[in-house]
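As a plain string of letters, each chain reads:
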Amino acid sequence: MSMIAAFYSGKSILITGATGFMGKVLMEKLFRTSPDLKVIYILVRPKAGQTTQQRVFQILNSKLFEKVKEICPNVHEKIRAIYADLNQNDFAISKEDMQELLSCTNIVFHCAATVRFDDHLRHAVQLNVTATQQLLIMASQMPKLEAFIHISTAFSNCNLTHIDEVIYPCPVEPKKIIDSMEWLDDAIIDEITPKLIGDRPNTYTYTKALGEMVVQQESRNLNIAIIRPSIVGATWQEPFPGWVDNLNGPSGLIIAAGKGFLRSIRGAPMAVADLIPVDTVVNLTLAVGWYTAVHRPKSTLIYHCTSGNLNPCNWGKMGFQVLATFEKVPFERAFRRPNADFTANTITSQYWNAVSHRAPAIIYDFYLRLTGRKPRMTKIMNRLLKTVSMIEYFVNRSWEWSTYNTEMLMSELSPEDQRVFNFDVRQLNWLEYIENYVLGIKKYLLKEDMAGIPEAKQHLKRLRNIHYLFNTALFLIAWRLLIARSQMARNVWFFIVSFCYKFLSYFRASSTLKV
Ligand SMILES: CCCCCCCCCCCCCCCCCCCCCCCC(=O)SCCNC(=O)CCNC(=O)[C@H](O)C(C)(C)COP(=O)(O)OP(=O)(O)OC[C@H]1O[C@@H](n2cnc3c(N)ncnc32)[C@H](O)[C@@H]1OP(=O)(O)O
Ligand SMILES: NC(=O)C1=CN([C@@H]2O[C@H](COP(=O)(O)OP(=O)(O)OC[C@H]3O[C@@H](n4cnc5c(N)ncnc54)[C@H](OP(=O)(O)O)[C@@H]3O)[C@@H](O)[C@H]2O)C=CC1
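Rules used throughout
- Residues numbered from 1 in each chain as written.
- Chains lettered and ligands numbered in written order.
- Predicted model: local features only at pLDDT ≥ 70, side-chain atom pairs only at ≥ 80, totals over all residues.
- Heavy atoms only, no water.
- UniProt positions renumbered as here; feature names shortened; annotations may be inferred.
- Near = heavy atom within 4 Å.
- Polar contact = N/O pair within 3.5 Å; in protein donor to acceptor, adjacent residues only side chain to side chain.
- Areas by Shrake-Rupley, 256 points an atom, 1.4 Å probe, with all protein chains shown as cover.
- Helix = DSSP H or I, 4+ residues; strand = E, 2+ residues; numbered from the N terminus.
- Nonpolar A, V, L, I, M, F, W, Y, C, P; charged D, E, K, R; others polar.
- Phe/Tyr/Trp six-rings, centres within 6.5 Å; stacked < 30°, edge-to-face > 60°.
- Buried < 20%, exposed > 50% of the residue type's maximum accessible area, 1.4 Å probe, protein only.
- Lys NZ or Arg CZ within 6 Å of the ring centre and 35° of its normal.
- Contact = heavy atoms within 4.5 Å.
- Core = buried A, V, L, I, M, F, W, Y, C linked by side-chain atoms within 4.5 Å.
- Pairing = 2+ DSSP bridges.
- Axes fitted to C-alpha atoms, helices over the stretch in contact; angles between N-to-C directions.
- Salt bridge = Lys/Arg side-chain N within 4 Å of Asp/Glu carboxyl O.
- Expected span 1.5 Å × (residues − 1).
- Patch = residues over 30% accessible without salt bridge, like charges linked within 9 Å, V, L, I, M, F, W, Y side chains within 5 Å.

The protein is annotated in an unreviewed UniProt entry as Fatty acyl-CoA reductase from Zalophus californianus. Under the UniProt heading Subcellular location (unreviewed entry), the note attached to the protein is "Peroxisome membrane".

Here is the structure:
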């Protein structure tokens, strides 16, 4: 019997960010392994015209929850969606709901965050820092609380190259930042943002670091732990391989590469690609929840959930495997044939950006205009290149995260728990994982039918022929222009033609002699 699964039975669990990528997988695993848990409270806001209830309904009816519905048919009765907006005071939770949350919650998993790299500092602070502070204040009023698990990121200290499982303070206290966001206007915040984030690349990593400081400062007598996952990718094994439902991290770029929009990127092929499957993160999170509540460590423990030091894979190898999978299962209606080239050189990268990204977009838009349609490719390309510029920081460096606490926890688990809540990334086969990831993107994100693969392959063949034809035509035009303008080019051309003629005459003569 799994001790961790037994621990969650009968418990009331509060999850923030349950409608997000990680939150959904966390809920799914909880219901699947501990179907007799008491209730999961989730803080949900209405979004995109859907009420909180409609959003929960949609999640429960998704493919991700198919197994859960077999194991726990009354799952919908065990989810309590609470209307909440983490940007507002007391999260805009009603008095009755707040009362219930405070008096019943046993475990808190705080997953909600803004993960956008370009978020305005005010908004990123509100969600990643202030909301964390408010949630901790709420937690301190929960008499039955056994553990509070905060999800951070391994990149909260990406300004360092070696990162231990400790909290590194930022120069300005989070409380001062929170206060200043209340009275500074946007223009001043914009001005001071680069100074505040310092050598971090964006407001996301900076505010996640501030969030950790808040956790440390507001911990009071709570049992708290922090999990720091690296780049979270599709599921590895559970509930099935390759599940993914958003464009964050590598997923969006894999789509862009598979559709032939993105063919090269400025990145170091040998740099470690520290990807971690979402189910691995969730298994560690649940194990940490159990350990923190049962063993009550004296201080706040931080757990790195990374792959680089235990089972490294680099961007070059990853790109190669992604490309190999596109050969077998191409995406439909590609713009160009896929390529995945990581080049560390800035000039080469700028050249490929011009030749391989911008030029085809301009030519395609010209074609759209000619055929009376609205041009759109240049706009798409600009957006894509903006995204790429934001992730370049992460694909040009390698980090070293120590994983003592994570390894310690693994050794504390029973063999059964090590199996059911497996977070041993050493067992991950990258080639298999990446293949399933690409397949998962095709099925669950692009919703493409496997029956369309032969047609997609045909389409790629046509694109290859167009490519050859285009290159040949371009070469002939360039050569014709050169010949018209340069005596030297004419001489070279005359030499080549006469050489070919002599060679052919000799070949014909010798074959006639043999006969
Ligand atoms: C040739 C090489 C290609 C490679 C091919 C295969 C090689 C191997 C695979 C890997 C390639 C390399 C991947 C590296 C990824 C590294 C990421 C590193 C991150 C480390 C940080 C720490 C990790 C974390 O803690 S958090 C998770 C990371 N967070 C994110 O990923 C969020 C990033 N997104 C943003 O910040 C914004 O969305 C932004 C700035 C990219 C775009 O903002 P904008 O306001 O312009 O647009 P949106 O309204 O957000 O969206 C517009 C449009 O774009 C779609 N979209 C959104 N995000 C992405 C994305 N990441 N990629 C592609 N497209 C995206 C979105 O759906 C919208 O589409 P619509 O159709 O308009 O709705
Ligand atoms: N994905 C990754 O690569 C990594 C993620 N992490 C961390 O993991 C955690 C989960 O990330 P992930 O699941 O990928 O992120 P998602 O963007 O998929 O999910 C974010 C969640 O936060 C919720 N949220 C955001 N703003 C509010 C708000 N104002 N009120 C209520 N809820 C809100 C979202 O709700 P809604 O659906 O309504 O928008 C959503 O449920 C985050 O803390 C992130 O920093 C760490 C490392 C890597």
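Observations concerning the site of ligand 2
In the region of ligand 2, 26 residues are neighbours, and T19, R45, K47, R55 and Y204 sit closest. The backbone of G20 places a nitrogen or oxygen atom 2.9 Å from an oxygen atom of ligand 2. If ligand 2 stood free it would expose 890 Å²; the protein chains cover 91% of that surface. Counting residues per element, the ones that place at least two in the shell around ligand 2 are helix 2 (21-33) and helix 10 (203-217). Its residues assigned to classes, the shell around ligand 2 comprises 13 nonpolar, 8 polar and 5 charged.

Remarks on the packing of aromatic side chains
Counted under the stated rule, the structure contains 24 aromatic pairs. Judged by centre distance (6.1 Å) and plane angle (20°), the rings of W315 and F342 are stacked. With W315 in helix 13 (residues 315-328) and F342 in strand 12 (residues 341-343), the pair connects residues that are 27 residues apart, well separated along the chain. Its relative accessible area of 8% is what places W315 among the buried residues. On the accessibility criterion, F342 (17% relative accessible area) is buried. One aromatic cluster in this structure is built from F117, F155, Y204, Y393, F394, W399 and W401. Sitting over the ring of F421, K29 keeps its end group 4.8 Å from the ring centre. Its guanidinium or amino end placed over the ring of F240, K63 lies 5.0 Å from that ring's centre, counting from NZ or CZ.

Things to note about the site of ligand 1
Taken together, 34 residues surround ligand 1, and among them R116, F117, Y204, L247 and G249 come closest. V115 has a polar backbone atom sitting 3.1 Å from a nitrogen atom of ligand 1. Contacts to ligand 1 include L247, whose backbone N or O atom sits 3.0 Å from a nitrogen atom. Considering ligand 1 on its own, with 1,400 Å² of exposed area, one finds that the protein chains cover 78% of that surface.

Overview of the side chain of E448
Within the secondary structure, E448 is located in the loop between helix 18 (430-445) and helix 19 (453-485). Its relative accessible area of 9% is what places E448 among the buried residues. Here the side chain of E448 touches K442 through a polar contact of 2.7 Å, side chain to side chain. Those residues in contact with E448, other than ones at most four positions away along the chain, are K259, P330, F331, E332, K442 and K443.

Overview of the nonpolar core
Counting residues in hydrophobic clusters, the biggest one holds 108 residues, and the most contacted among them are I15, I42, F109 and L409. Here the element with the most residues in this core is helix 12 (residues 278-295); it accounts for 10 residues. Not counting chain neighbours up to four residues away, the residues in contact with I15 comprise L26, M27, L30, I40, Y41, I42, L43, F109 and C111. Core analysis: the second largest hydrophobic core is formed by 45 residues, I82, I93, L136 and L210 among them.

Description of the environment of R336
Relative to the helices and strands, R336 resides in the loop between helix 13 and strand 12. A residue is classified by how much of its surface remains accessible, and R336, at 16% relative accessible area, is buried. Taking the C-alpha atoms as reference, R336 lies 8.6 Å from H467; in sequence the two are 131 residues apart. Not counting the four nearest positions on each side in its chain, R336 is found in contact with K259, G260, R263, S356, P360, L463 and H467. Within the local environment of R336, its side chain forms a polar contact with the backbone oxygen of S356, the two atoms lying 3.1 Å apart.

Notes on the UniProt feature "domain: Fatty acyl-CoA reductase C-terminal" (unreviewed entry) in the protein
The positions that UniProt labels "domain: Fatty acyl-CoA reductase C-terminal" (unreviewed entry) are, in the present scheme, residues 357-448. The distance from the first to the last C-alpha atom of residues 357-448 is 25 Å, and the span holds 70% helix and 2% strand.

Structural notes on the pairing of strand 11 (residues 301-305)
Strand 11 sits mainly inside the fold: 5 of its 5 residues count as buried. Alternating positions in strand 11 separate into two faces, L301, Y303 and C305 on one and I302 and H304 on the other, with burial throughout.

Details of the sheet that holds strand 1 (residues 12-16)
With parallel pairing, the 7 strands of this open sheet are ordered in space as 3-2-1-4-5-7-11. This sheet does not close on itself; its edge strands, each paired only once, are strand 3 (79-83) and strand 11. On average, each strand axis in the sheet is tilted by 20° relative to the strand beside it, whichever way the strands run. When strand 5 (residues 147-151) meets strand 7 (residues 224-229), the two strands line up parallel, connected through 4 bridges. The partner of I151 across the bridge, within strand 7, is I227. Against the sheet, helix 7 (residues 121-139) engages strand 1, strand 4 (107-110), strand 5 and strand 7, with an angle of about 170° to strand 5.

Overview of the pattern of salt bridges
Inspection of the entire model under this criterion finds 22 salt bridges. Here K63 ties to E66 by a salt bridge, and the two come within 3.3 Å at their closest N and O atoms. The exposure class assigned to K63 is partly exposed, which follows from its relative accessible area of 39%. A cluster of three or more residues bridged by salt bridges with shared partners is formed by E28, K29, R32 and E238.

Regarding helix 19
For helix 19, built from 33 residues, the straight-helix expectation of 48 Å at 1.5 Å per residue is met to within 8% by its first-to-last C-alpha distance of 48 Å. Among the residues making up helix 19, those that are buried are I453, A456, H459, L460, L463, W479 and I483.

Some points on a nonpolar patch on the surface
A grouping of M488, V492, W493, F495, I496, V497, F499, F503 and L504 is seen on the molecular surface, where their side chains present a nonpolar patch of about 940 Å² in accessible area. Turning to its location among the elements, W493 is positioned in helix 20 (residues 487-514). By relative accessible area, which is 38% here, W493 ends up partly exposed.

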